[in-house]
Each structure stands twice: as structure tokens, then as C-alpha cells.
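Structure at a glance
Here are the chains, one letter per residue:
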Amino acid sequence: KSESGCATCVCRSAATANETERSKDMPQHDTSHRRWLLQCGGLSLIWFLFYIVIMQVGGGMEITGFDPYKILEVSPDHDLRAIKRAYRKMALRLNPEIAYDDPEVLRQYILAHRAYVTLTDEEAWMNYVSYGNPDGPQALKVGIGLPRGLLNQ
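Each residue is numbered by its place in its chain's sequence as written, counting from 1. The model is predicted, so local features are restricted to residues of pLDDT at least 70 and side-chain atom pairs to those at 80 or more, both for listing and for counting; the totals for chains, interfaces and linings are taken over all residues. Hydrogens and water molecules were not included; the side-chain quantities draw on all heavy atoms of the structure.

Time to look at the overall build of the protein chain. Secondary structure assignment for the protein chain yields seven helices and zero strands. The way it works is that DSSP assigns letters per residue, a run of H or I at least four long becomes a helix, a run of E at least two long becomes a strand, and they are numbered from the N terminus. Start at the N end of the protein chain and walk to the C end: the helices and strands fall as α-α-α-α-α-α-α. In this description, contact between two residues means that some pair of their heavy atoms is separated by no more than 4.5 Å. In the protein chain, the proportion of contacts linking residues at least 24 apart, taken out of those at least 6 apart, comes to 41%. Each accessible area value is a Shrake-Rupley result obtained with a 1.4 Å probe; residue values ignore everything except the protein chains displayed when judging cover. On the protein chain, roughly 13500 Å² of surface is accessible, and the fraction owed to carbon and sulfur atoms is 58%.

This is how it looks when you write it as C-alpha cells:
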């Protein structure tokens, strides 16, 4: 009888008994190692695909500083008249009404206008000198929400 009170009977033939004895002697395969390798391979594949997606989305975009002299193709020692002349020449060449179907021309036109405003407007010039950007300080602000209990301690 088993512990619960039920009568159990196990019939074993000589062949099954020998099979059981042989299986106890054989080394067991370690499946945890295979599982670990599969997990690492899968994780590596996911990271590789993530990298490919990031490269496709951000491909060709490089972060550069804003230099109005380089954009207008003038040197810093040029006077206001030479800057205006360079801007007019560039505005005629990059006129978005002429090349309306090219987004790169529009982007360059906006940059040229921004560079011209930076070099001619006093406030934009002071922001450029102080912060490197005619729009003023460009800081990334990150906030973290904490429970009041942690803040009051």
C-alpha cells in the first residue's frame, strides 16, 4: 500500500528493469548549457537588429556645431556689407521658390537665413557668442518624479 492508503502495483518485466538500470548508468545531457547558448544567441540577434534599425533611422545625420561664417562662406573679419552681399548671393542660389521640390535646398536656405540673422541681430549674436547657438541656451532638462515620502526625509 502507498502512504495515502491506495494499493499500487507496478508490473515490470525483465526488459524494462534492464532498461532502467542502463539509463541510470548513462551520463545525462546538460540541457541548461544549450538553453543558455540559445538565449545568448537570441539576445545577440535582437541587439544586432536594434543596431540595424538605429543606423537606418539615423543614417547620414551627423551633429555639427552652428558656425554662421562657415554657412555664409565668409571669414570672421568681413564687415557687415560683405556679410549682406554673401547672404543675398546665397539666397538667390538657394531660393526655395525655384527649387521647391528639393528639401535639401530648403534646409540650406533656412540655415543661411539663420546665419545671416545671427550675424546681423545683436541679441542673436550675443546668444551665439555666449552659448554657441543664436536661440540661446539649449539644455536638455530631465525630471524624475519621486514620491513625497522620499522628498520629505
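Here we come to the side chain of N127. Turning to its location among the elements, N127 is positioned in helix 6 (residues 122-131). Beyond its immediate chain neighbours, meaning those up to four positions away, N127 contacts G132, N133, P134, D135 and G136.

The salt bridge criterion pairs a side-chain nitrogen of Lys or Arg with a carboxyl oxygen of Asp or Glu, the two atoms within 4 Å. This structure, assessed with the given rule, holds one salt bridge. Across the pair R107 and E104 runs a salt bridge whose closest N-O atoms are separated by 2.7 Å. Linking R107 with E104, this pair stays in helix 5 (residues 103-120), spanning three residues, or about one helical turn. Judged by relative accessible area, which is 44%, R107 ranks as partly exposed. Buried residues are those whose accessible area, probed at 1.4 Å on protein chains only, stays under 20% of the maximum for their type, while exposed residues exceed 50% and partly exposed ones sit between those limits. By relative accessible area, E104 is classed as partly exposed at 34%.

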